[in-house]
Amino acid sequence: MRRRGGAAVRVTLVEPRAPLQATSQFSTECYRDFFVDTALVPFMSRSVSLLEELAETDDAINLNRRGYCFFAGSDAGTKALERFGVQASSFGAGPLRRHDGSAGRGLAEYERSPANGFRGPTGLDLVYGPELIQEIYPFVTSKAQVMLHARRCGWLDAQALGRAMLTASGGQVLRGEVVGFDTHQGAVTAVQVQQNDGVAVSLKCDAFVNAAGAWMERVNKLLEAPPLPLKNEVHAKVILNDVQGVIPQTAPFMVWRDQVDLDWEEDMKEFLLELDDTATGGMVNSASWLAKQPGGQHLRPCGNGRVLLLWEHLHRHVPVPEDPEMPISDFLEMYPELCVRGLKEMVPGLGGYVEGLGKDTSVDGGYYTVMPDGRPLVSPHGASNAYVCGGMGTYGLMGSPAAGELLAMHLLQEPLPSYADACLWPRRSVPEEEVIDLLDESS
């Protein structure tokens, strides 16, 4: 039990698996505070501040601030990164600095990010020209014309964050599944749980929160609440054992923005056309891999010589059932090779793995649960004392501290922050600007 604002709060987390075993365990564990949305900027800035508060003493969550680095090798890509840098800065991401080597100053005013720790520069930096870019990251292609380095970003230990938040709440974990509700006069009075050991229990409650991630709509139906416009997407990552030492373990999170050609040999093109099974309802859309692919492929080192590789668009066409399975068993068999082929445009050294991916290369993943407008869902819903918390898709882990805090404010009827209205359902406002996601570029 914990007290907040004088109120005693007892939290019970009903979870059929160990906490964070469904989605967050399989994420890239990253965070960022740059968004082009007037609601998301203060929401995520608050969330990052809470992460930094958790890390302030002994940094038990292993928070770093290496940043996100976006690269482009085309004029269109350069203009896109410049536009995004200006917009992100105007929306609160901090000052935008430009480094083009003019007046012979080179990188004199560019501050390198520390490999460890979460104290460092904020804002964004645009670095122009392959010479300056390779002075910072020698392993990046000489085709890169520009690098946008967003600073108040990095990654953390998701499991440690979960433990810290559970400890701070004073909560307990009940291993089981929500199977029903008791209600009275429009309020939830008890939650029916089927424990993993087969024992049925009834949990009396003053409030209920549906934070079931990919299973939110299933729980929502149990409560007979109005449907939510949530969509589940497969999120998959490759864990590459970088035995060739291509990516330094001190590198930041890195993204290639431009379209890429995957450079297939002629016999491989024929094979991919034959492999495609989408005409018969399959998920292998290999014929489409012969065309130019959208940018957004990214990587980061993850310790012990390993590197995470991701390219979200490759699984976006895969249908997800209403009640998705976990763990996910069906990934594209060629996903590791596709990621390597896409990322060698940014880091040519990765080309050495195209024909030589080791057996210790693996793929895992979970689900992104997203709202159509890309904003969080933290709102009363379904009963007078019931709430929903989720729908944050690509920023679920990093947004969880602010989402949890906002939810607690709702529960305890405390004054709400400025971004609370944007998280309600039904929506009361829409984004004023087109939301740009540089991790999912299709142009």
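Procedures and definitions
Residues numbered from 1 in each chain as written. Predicted model: local features only at pLDDT ≥ 70, side-chain atom pairs only at ≥ 80, totals over all residues. Heavy atoms only, no water. Helix = DSSP H or I, 4+ residues; strand = E, 2+ residues; numbered from the N terminus. Rg over C-alpha atoms; globule rule 2.2 N^0.38 Å. Buried < 20%, exposed > 50% of the residue type's maximum accessible area, 1.4 Å probe, protein only. Contact = heavy atoms within 4.5 Å. Areas by Shrake-Rupley, 256 points an atom, 1.4 Å probe, with all protein chains shown as cover. Lys, Arg positive; Asp, Glu negative; His and termini not counted. Charge placed at Lys NZ, Arg CZ, Asp CG, Glu CD. Axes fitted to C-alpha atoms, helices over the stretch in contact; angles between N-to-C directions. Parallel < 35°, antiparallel > 145°, perpendicular 65-115°, else oblique. Left-handed = near helix turned anticlockwise from the far one by under 90°. Nonpolar A, V, L, I, M, F, W, Y, C, P; charged D, E, K, R; others polar. Phe/Tyr/Trp six-rings, centres within 6.5 Å; stacked < 30°, edge-to-face > 60°. Salt bridge = Lys/Arg side-chain N within 4 Å of Asp/Glu carboxyl O. Pairing = 2+ DSSP bridges.

Draft legend 1. Structural detail: the overall build of the protein. Each helix and strand in the protein was counted, giving eight helices and 20 strands. For a compact globule of 443 residues, the expected C-alpha radius of gyration is about 22 Å, and the protein comes in at 23 Å, within 12% of that figure. Burial analysis of the protein (443 residues in total) assigns 50% to the buried set. Across the protein, every contact between residues at least 6 apart in sequence was considered, and the portion connecting residues at least 24 apart equals 75%. On the protein, roughly 19700 Å² of surface is accessible, and the fraction owed to carbon and sulfur atoms is 50%. With 38 positive and 57 negative side-chain charges, the protein shows a separation of 6 Å between the mean positions of the two kinds.

Draft legend 2. Molecular detail of the packing of helix H4 (residues 158-169) against helix H8 (residues 396-411). Between H4 and H8, whose axes approach to 11 Å, the crossing angle comes to 15°. By the angle between their axes, H4 is roughly parallel relative to H8. Classified by chirality, the crossing of H8 by H4 is left-handed. Touching Ala 158, Leu 161 and Met 165 of H4 are Leu 397, Ser 400 and Pro 401, all from H8. Considered class by class, the residues forming the contact of H4 with H8 number five nonpolar, one polar and no charged.

Draft legend 3. Representation of the packing of aromatic side chains. Throughout the structure, instances matching the rule amount to ten aromatic pairs. Ring centres of Phe 34 and Phe 84 lie 5.7 Å apart, and the angle between their planes is 85°; this geometry places the pair in the edge-to-face category. Of this pair, Phe 34 sits in the loop between strand E4 (30-31) and helix H1 (40-55) while Phe 84 sits in helix H2 (residues 75-93), and the two are 50 residues apart along the sequence. For the pair Phe 34 and Phe 84, a shared accessibility class is recorded, and that class is buried. With a centroid separation of 5.7 Å and an interplanar angle of 75°, the aromatic rings of Phe 35 and Tyr 395 are classed as edge-to-face. Highlighted residues: Phe 35 in the loop between E4 and H1 and Tyr 395 in the loop between strand E20 (386-390) and H8, separated in sequence by 360 residues.

Draft legend 4. Representation of the environment of Met 283 in the model. Within the fold, Met 283 resides in the loop between helix H6 (266-275) and strand E16 (298-303). Each residue touching Met 283, except ones within four places of it in the same chain, is listed here: Asp 277, His 315, His 317, Val 318, Asp 330, Phe 331 and Leu 332.

Draft legend 5. Looking closely at the packing of H1 against H8. Interaxial distance between H1 and H8 falls to 7 Å at its minimum, and their mutual angle equals 100°. When the axes of H1 and H8 are compared, the pair comes out roughly perpendicular. Contact residues: Phe 43, Met 44, Arg 46, Ser 47, Leu 50 and Leu 51 in H1; Met 398, Gly 399, Ser 400, Pro 401, Ala 402, Ala 403 and Glu 405 in H8. Residue classes in the contact of H1 with H8 are distributed as eight nonpolar, three polar and two charged.

Draft legend 6. Molecular detail of the pattern of salt bridges. Tallied over the full model, the rule gives 24 salt bridges. Of the charged contacts in the structure, one is a salt bridge between Arg 119 and Glu 56, with a shortest N-O distance of 2.4 Å. Residue Arg 119 is located in the loop between strand E6 (96-99) and strand E7 (124-128), and its partner Glu 56 is located in the loop between H1 and strand E5 (68-72); the two are separated by 63 residues in the primary sequence. Between Arg 341 and Glu 337 there is a salt bridge, and its shortest N-O distance comes to 2.8 Å. Of the two residues, Arg 341 and Glu 337 both sit in helix H7 (residues 335-343), four residues apart, roughly one turn of that helix. In this structure, Arg 341 and Glu 337 share a single accessibility class: buried. Look at the salt bridges and you will find they share partners, linking Asp 33, Glu 52, Arg 65 and Arg 152 into a network.

Draft legend 7. Geometry of the sheet that holds strand E10 (residues 172-184). Read across the sheet, four strands follow the order E3-E10-E11-E12 without closing on themselves; strand pairing throughout is mixed. Of all the strands in the sheet, the pair left with one neighbour each is strand E3 (12-15) and strand E12 (200-204). Ignoring which end each strand starts from, the neighbouring axes of this sheet average 50° apart. When E3 meets E10, the two strands line up parallel, connected through four bridges. When the bridges of E10 are listed, Val 14 appears paired with Leu 174.

Draft legend 8. Spatial organisation of the sheet that holds strand E18 (residues 362-370). Pairing is mixed in the open sheet, where nine strands are placed in the order E6-E7-E8-E5-E15-E16-E17-E14-E18. Both outer strands of the open sheet, E6 and E18, are each paired with one neighbouring strand and no more. The mean angle between the axes of side-by-side strands here comes to 20°, regardless of whether they run parallel or antiparallel. Here four bridges tie E5 to strand E15 (residues 253-256), and the two strands are oriented parallel to one another. If you follow Tyr 68 over to E15, its bridge partner there is Phe 253.

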